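Structure assessment
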Amino acid sequence: MGKVVLITGASRGIGAATAIKLASCGYKVAINFKNNTEAASSVLEKIRRNGGNGALFQADISDEKAVVELFSMVEEKLGAVSHLVNNVGVLQTQMRVEQMSAERINAILMQNVTPYFICAREAIKHFRTHHDTTRCAIVNVSSAASRLGGANEYVDYAASKGAIDSFTTGLSLELAGSGIRVNCVRPGCIYTDIHADGGEPQRVERLASLLPMKRGGTCEEVANAIAWLLSNEASYVTGSFIDLAGGK
Ligand code: NAP
């Protein structure tokens, strides 16, 4: 059976670049998104123009039932998922911890942490039922914020990414014996829409000169690392982290 990758949040940003990259590597690509049908359609169009194969799957991955249905729909349309990129991550307006409500903190954890577990759980079932597990892999998209802390901006988001780092380590150990590899990328300042959600669309421009490499990163640079971690070239790599943060 061919390689089928599900990428959560693939209509924009890092997820979109990863979808395009993985399609060019021969994966059938399941492009998940929440609302932006137009952006998702343009990713699929690009993939098809390049001779790749994929399909769109609208689903809110913070809804457990929707995730279970998502995996069934992907199986029906493209074949059972053999690779997963847990990519959706959200942040809220920049503020200090002393201003944060429980409602805000819980919303971040429910979007950024629980869905990674649930998507992995469903992926593992599909790997075991339909594939040679030694060819299956998961990449989690964390953040350099998990190491740096997000002070004065979004410590809640940073802590949610710290949870993803621990999740990567724990899950990789649970699955190592079956050959399923679980790895993680930790991007730094990447040019995407996420910074506008935090209330500062020009955040990367503000921080770029302070970074050791003196520039922000591109979605394609992150996508290349994800593609390598998923590929058989990384066949002895599990529980590992690639930092894509310009030296920070
Ligand atoms: P982005 O440009 O804001 O894109 C967000 C994507 O996630 C969109 O495709 C959006 O779909 C989708 N999405 C949001 N909530 C969803 C949900 N509940 N269900 C399904 N899809 C959902 O994000 P990004 O900057 O590429 O970030 C991708 C990952 O990289 C995140 O985990 C983020 O934390 C991490 N990261 C980013 C940076 C950075 O500087 N950009 C740095 C470190 C880590 P719609 O288009 O339908 O809204």
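Here's a quick rundown of the structure. Model, not experiment: these values are computed from the prediction.

We now examine the overall build of the protein chain. Along the backbone of the protein chain there are 10 helices and seven strands. Its C-alpha radius of gyration of 17 Å places the protein chain within 12% of the 18 Å reference for a compact globule of 248 residues. By principal-axis analysis of the C-alpha atoms, the protein chain measures approximately 50 × 40 × 35 Å. Partitioning the intrachain contacts of the protein chain with sequence separation of at least 6 by distance along the chain shows that 73% fall at a separation of at least 24. Distance between charge centres in the protein chain, computed from 25 positive and 24 negative side chains, equals 5 Å.

Turning our attention to the side chain of T8. When you line up the elements, T8 lands in the loop between β1 (4-7) and α1 (13-24). Among the polar contacts made by the side chain of T8, one reaches the main-chain amide nitrogen of V88 at a distance of 3.1 Å.

A separate point is the nonpolar core. Counting 64 residues, the largest nonpolar core has L22, V29, I31, V74, V185, I226 and L230 as its most contacted members. Of the residues forming this core, the biggest block, eight residues, is contributed by helix α10 (residues 219-230). Core analysis: the second largest hydrophobic core is formed by five residues, A145, Y154, Y157 and A158 among them.

So, about the side chain of N183. By the secondary structure assignment, N183 is in strand β6 (residues 181-187). The exposure class of N183 is buried, given its relative accessible area of 0%. Here the side chain of N183 touches S240 through a polar contact of 2.8 Å, landing on its backbone nitrogen. In this view, N183 contacts I138, V139, N140, T168, L229, V237, T238, G239 and S240; residues no more than four positions away in its chain are not counted.

A word on the sheet that holds strand β3 (residues 53-58). The parallel open sheet is built from seven strands, whose spatial order is β3-β2-β1-β4-β5-β6-β7. The sheet is open, and its two edges are formed by β3 and β7 (241-244), each paired on a single side. Strand-to-strand twist across the sheet, computed as the mean angle between neighbouring axes with direction ignored, equals 15°. As paired strands, β1 and strand β2 (residues 28-33) are joined by four bridges and run parallel to one another. Bridge pairing in β2 links V4 to K28. Strands β1, β2, β4 (83-86) and β6 of the sheet are contacted by α1, whose axis makes an angle of about 170° with β1. Across the sheet, helix α5 (residues 114-130) lies against β4 and β5 (137-141), angled at about 180° from β4, the strand it touches most.

Before going further, it helps to examine the packing of helix α4 (residues 102-112) against α5. For the pair α4 and α5, the least separation of the axes is 4 Å and the interaxial angle reads 20°. Overall, the two elements α4 and α5 adopt an arrangement that is roughly parallel. On α5, the residues that touch L109, M110, Q111 and N112 of α4 are T114, P115 and Y116. Considering only residue class, the contact of α4 with α5 consists of four nonpolar, three polar and no charged.

Further remarks concern the pairing of β4. Going residue by residue along β4, you find H83 and V85 tucked away on one face and L84 and N86 tucked away on the opposite face as well. Sheet topology places β1 next to β4; three bridges connect them, and they run parallel. Counterpart to I7 in the pairing with β4 is V85. Where β4 meets β5, four bridges bridge the pair, whose relative direction is parallel. Its bridge partner lying in β5, H83 is registered against A137.

Conventions used here
Residues numbered from 1 in each chain as written. Predicted model: local features only at pLDDT ≥ 70, side-chain atom pairs only at ≥ 80, totals over all residues. Heavy atoms only, no water. Helix = DSSP H or I, 4+ residues; strand = E, 2+ residues; numbered from the N terminus. Rg over C-alpha atoms; globule rule 2.2 N^0.38 Å. Contact = heavy atoms within 4.5 Å. Lys, Arg positive; Asp, Glu negative; His and termini not counted. Charge placed at Lys NZ, Arg CZ, Asp CG, Glu CD. Polar contact = N/O pair within 3.5 Å; in protein donor to acceptor, adjacent residues only side chain to side chain. Core = buried A, V, L, I, M, F, W, Y, C linked by side-chain atoms within 4.5 Å. Buried < 20%, exposed > 50% of the residue type's maximum accessible area, 1.4 Å probe, protein only. Pairing = 2+ DSSP bridges. Axes fitted to C-alpha atoms, helices over the stretch in contact; angles between N-to-C directions. Parallel < 35°, antiparallel > 145°, perpendicular 65-115°, else oblique. Nonpolar A, V, L, I, M, F, W, Y, C, P; charged D, E, K, R; others polar.

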